[in-house]
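Take a look at the letters that make up each chain.
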Amino acid sequence: MTVNRVWHLANRPTGFPSPGDFDLREEAVPEPGPGQVVVRNEVMSVDPAMRGRMNDVPSYAPPFRLDAPMEGGAVGTVVASASDAVKVGDSVLHGLGWREYSLLDAERVRVVDTAAAPASAYLGVLGMPGLTAYAGLLDVARLRPEETVFVSGAAGAVGSLAGQIARLRGARLVIGSAGSAEKVRYLVDECGFDAAFNYRDGDIRAQLRRLTPDGIDVFFDNVGGEQLEEALFRMNLHGRVAVCGAISQYNTPDRTGIRNLSLLISKRLTLQGFLVMDHWSRREAFTEEMTTWLREDRIKVAETFVDGIDNAVEAFLGMLRGANLGKMIVRLT
Ligand code: NDP
């Protein structure tokens, strides 16, 4: 018997999760039934949305069950197949990560070309975070050339791409916020942001006023809370906010209210929340454009790797704390 190690949710966290909320269990590697495949995972994703699925509340994705395996994006190689469509040796992307081996119906996997791009790219720049940045900026916020764009959470998987897409699509000024001096340097020196600031330095209002003298036309918000409130003060008439995430609120039982929503009226602002899953129709256009930018070396990609299934929870908690530059990836092999 080959052993499969699988992360289960042991407790529903209140506030910031702790290692004791998770349990790594051993089971036998499954055998495929008719139409199924077994995938040996090589890389898996840890995402902020997984924190939401640890709460027992109705949402767009069902909560993780207690004492059951968690789920998430992963890429691996098919090691057993009882399907005509997917062969042993195929590299596939699927949604049953948090384990070394996954058993799936063949129609729940997508074959990917790991000769064209590394497996991790399908969890980041060419995957869900990349499409989130693309659709959020272009379809939700409807970026136009010569506009000023502010991206919060700018050094992460989605944010670092959103800022660079803004630049490539003709924004006049691109500003970002992030949680360390090193990240701020990365955004300006590597990713071509015009300026960035460390939100932990305080006085976000003053920092935004200094860096956006002509106001903000488009705000791509990954953070919510204080940064959203302060950005609203800087928004120009008819500005658009793509409400992508609110990570400052995910681990705090006491959520921060936005106290200046009346500015939506006087400035005729649009705040639009969105989910990437409503934008799958854009996948082809996104993949084509992003592949071209990558080939022409016009977009920088950062990935932070943590090795080993044993360290997957550490990677997840690290991502929530800001230990990642770009996409946080767990390497399993
Ligand atoms: P990231 O790679 O950006 O990782 C999360 C980052 O959040 C950390 O690196 C940390 O960076 C930052 N962070 C943590 N706590 C705080 C805080 N209190 N205030 C400000 N920043 C904080 O994750 P993703 O790129 O995967 O996701 C970014 C956002 O996009 C999340 O809010 C996520 O929920 C959302 N999202 C939404 C989707 C949609 O369909 N709408 C799809 C995918 C993601 P730092 O060091 O800068 O603090």
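In this numbering scheme, every chain counts its residues from 1 along its sequence in written order. Per-residue local features of the predicted model are confined to residues with pLDDT of at least 70, and side-chain atom pairs are confined, for both listing and counting, to 80 or more; whole-chain, interface and lining totals are unaffected and use all residues. Side-chain measures were taken over the full set of non-hydrogen atoms in the model, leaving aside hydrogen atoms and water.

1. Looking at the overall build of the chain
For clarity, the cut-off: Secondary structure counts use DSSP, requiring at least four H or I residues in a row for a helix and at least two E residues in a row for a strand, with both numbered from the N terminus. Throughout, the radius of gyration refers to the C-alpha atoms, and the reference size of a globule is 2.2 Å times the residue count to the power 0.38. Under the scheme applied here, a residue whose accessible area is under 20% of the maximum for its type counts as buried, over 50% as exposed, and between as partly exposed, the area being computed with a 1.4 Å probe on protein chains only. Any pair of residues with heavy atoms lying within 4.5 Å of one another is described as a contacting pair. Only four residue types enter the tally: Lys and Arg on the positive side, Asp and Glu on the negative side, with His and both chain ends excluded. Every charge is mapped to an atom, namely NZ of Lys, CZ of Arg, CG of Asp or CD of Glu.
Regarding its fold elements, the chain presents 9 helices and 15 strands. Whereas a compact globule of 333 residues would reach a radius of gyration of roughly 20 Å, the chain reaches 20 Å, a difference of no more than 12%. On the principal axes, the C-alpha backbone points of the chain span a range of 65 × 45 × 35 Å. Among the 333 residues that make up the chain, the fraction classed as buried is 53%. Sequence separation of at least 24 residues holds for 67% of the intrachain contacts in the chain that already meet a minimum separation of 6. If the 36 positive side-chain charges of the chain are averaged to one point and the 42 negative ones to another, these points end up 6 Å apart.

2. Points about the pattern of salt bridges
Selection rule: We count a salt bridge whenever a side-chain nitrogen from Lys or Arg sits within 4 Å of a carboxyl oxygen from Asp or Glu.
Here the structure, examined in full by the defined rule, presents 17 salt bridges. A salt bridge links Arg167 to Asp194, with the shortest nitrogen-to-oxygen separation between them at 3.0 Å. With Arg167 in helix H3 (residues 157-168) and Asp194 in the loop between helix H4 (181-189) and strand E10 (195-198), the pair connects residues that are 27 residues apart, well separated along the chain. One salt-bridge network, in which partners are shared between bridges, spans Arg5, Glu100 and Asp310.

3. What about the pairing of strand E9 (residues 173-178)?
Heads up, the rule is: Orient the strands so they point away from the viewer; a crossover is then right-handed if the path from the first strand over the helix to the second runs clockwise. At least two bridges found by DSSP between two strands are what make those strands a pair.
Among the 6 residues that make up E9, 6 are buried, leaving the element largely enclosed by the rest of the structure. Remark: the strand E8 (residues 148-151)/H3/E9 crossover connection has right-handed handedness. Bridging between E9 and E10 involves 4 bridges; their strand directions are parallel. Looking across to E10, one finds that Ser177 is bridged to Phe197. The handedness of the E9 to E10 crossover, carried by H4, is right-handed.

4. Examining the packing of helix H2 (residues 128-140) against helix H8 (residues 283-295)
Keep this limit in mind: In this analysis, axes come from line fits to C-alpha atoms, helices being fitted only over the stretch in contact, and the angle between any two N-to-C directions falls in the range 0 to 180 degrees. Working definition: roughly parallel below 35 degrees, roughly antiparallel above 145 degrees, roughly perpendicular at 65 to 115 degrees, and oblique for all remaining angles. Residues are grouped as follows: nonpolar covers Ala, Val, Leu, Ile, Met, Phe, Trp, Tyr, Cys and Pro; charged covers Asp, Glu, Lys and Arg; every other residue, Gly included, is treated as polar.
Where H2 contacts H8, the two axes come as close as 10 Å, and the packing angle between them is 100°. In terms of their interaxial angle, H2 and H8 are classed as roughly perpendicular. Of H8, the residues touching H2 (which contributes Gly130, Leu131 and Tyr134) are Arg283, Ala285, Phe286, Glu289 and Trp293. Residue composition of the contact of H2 with H8, by class: 5 nonpolar, 1 polar and 2 charged.

5. A few points about the domain arrangement of the chain
The cut-off we apply is this: Domain start and stop points were drawn from an automatic or database domain assignment. Joining two parts hides part of their accessible area as seen by a 1.4 Å probe, and the buried area is that hidden amount summed over both. Two N or O atoms form a polar contact when they lie within 3.5 Å of each other; inside protein one atom must be a possible hydrogen donor and the other a possible acceptor, and for residues adjacent in sequence the pair counts only when both atoms belong to side chains.
Here the domain parsing of the chain yields domain 1 (3-124 + 302-331) and domain 2 (128-277). Once you take the C-alpha centre of each, domain 1 and domain 2 turn out to be 29 Å apart. On the domain 2 side, the residues contacting the 18 residues of domain 1 number 15 residues. Taken together, both faces of the contact between domain 1 and domain 2 bury some 1300 Å²; the carbon and sulfur share is 61%. Broken down residue by residue, the surface that domain 1 buries against domain 2 is led by Tyr60, Gly124 and Leu325, which jointly contribute 33%. Applying the counting criterion to the domain 1 and domain 2 interface returns 0 salt bridges. The interface formed by domain 1 and domain 2 contains 5 residue pairs in polar contact (both at pLDDT 80 or more). The residue makeup of the side of domain 1 that touches domain 2, split by class, is 9 nonpolar, 5 polar and 4 charged.

6. Observations regarding the packing of helix H5 (residues 204-211) against helix H6 (residues 225-234)
Inclusion rule: Take the far helix as your reference; a near helix turned counterclockwise from it by less than a right angle gives a left-handed crossing, and one turned clockwise gives a right-handed crossing.
Across the interface, H5 lies against H6 with an axial gap of 9 Å and an inter-helix angle of 40°. Here H5 lies oblique to H6, going by the angle between them. Like other packed secondary-structure pairs, H5 and H6 cross with a definite hand, here right-handed. Of the residues in H6, those in contact with Ile204, Arg205, Leu208 and Arg209 of H5 are Glu226, Gln227, Glu230, Ala231, Phe233 and Arg234. Residues belonging to the contact of H5 with H6 are distributed by class as follows: 4 nonpolar, 1 polar and 5 charged.

7. Focus: H2
What counts is decided by this rule: Expected span, for any helix, means 1.5 Å times one less than how many residues it has.
Compared with an ideal rise of 1.5 Å per residue, which puts 13 residues at 18 Å, H2 spans 16 Å between its outermost C-alpha atoms and falls more than 12% short. Burial analysis of H2 places 11 of its 13 residues in the buried class, which makes it a mostly covered element. Listing the buried residues of H2 in full gives Pro129, Gly130, Leu131, Thr132, Ala133, Tyr134, Ala135, Gly136, Leu137, Leu138 and Val140. Arg142 lies just past H2 and shows a positive phi near 50°.

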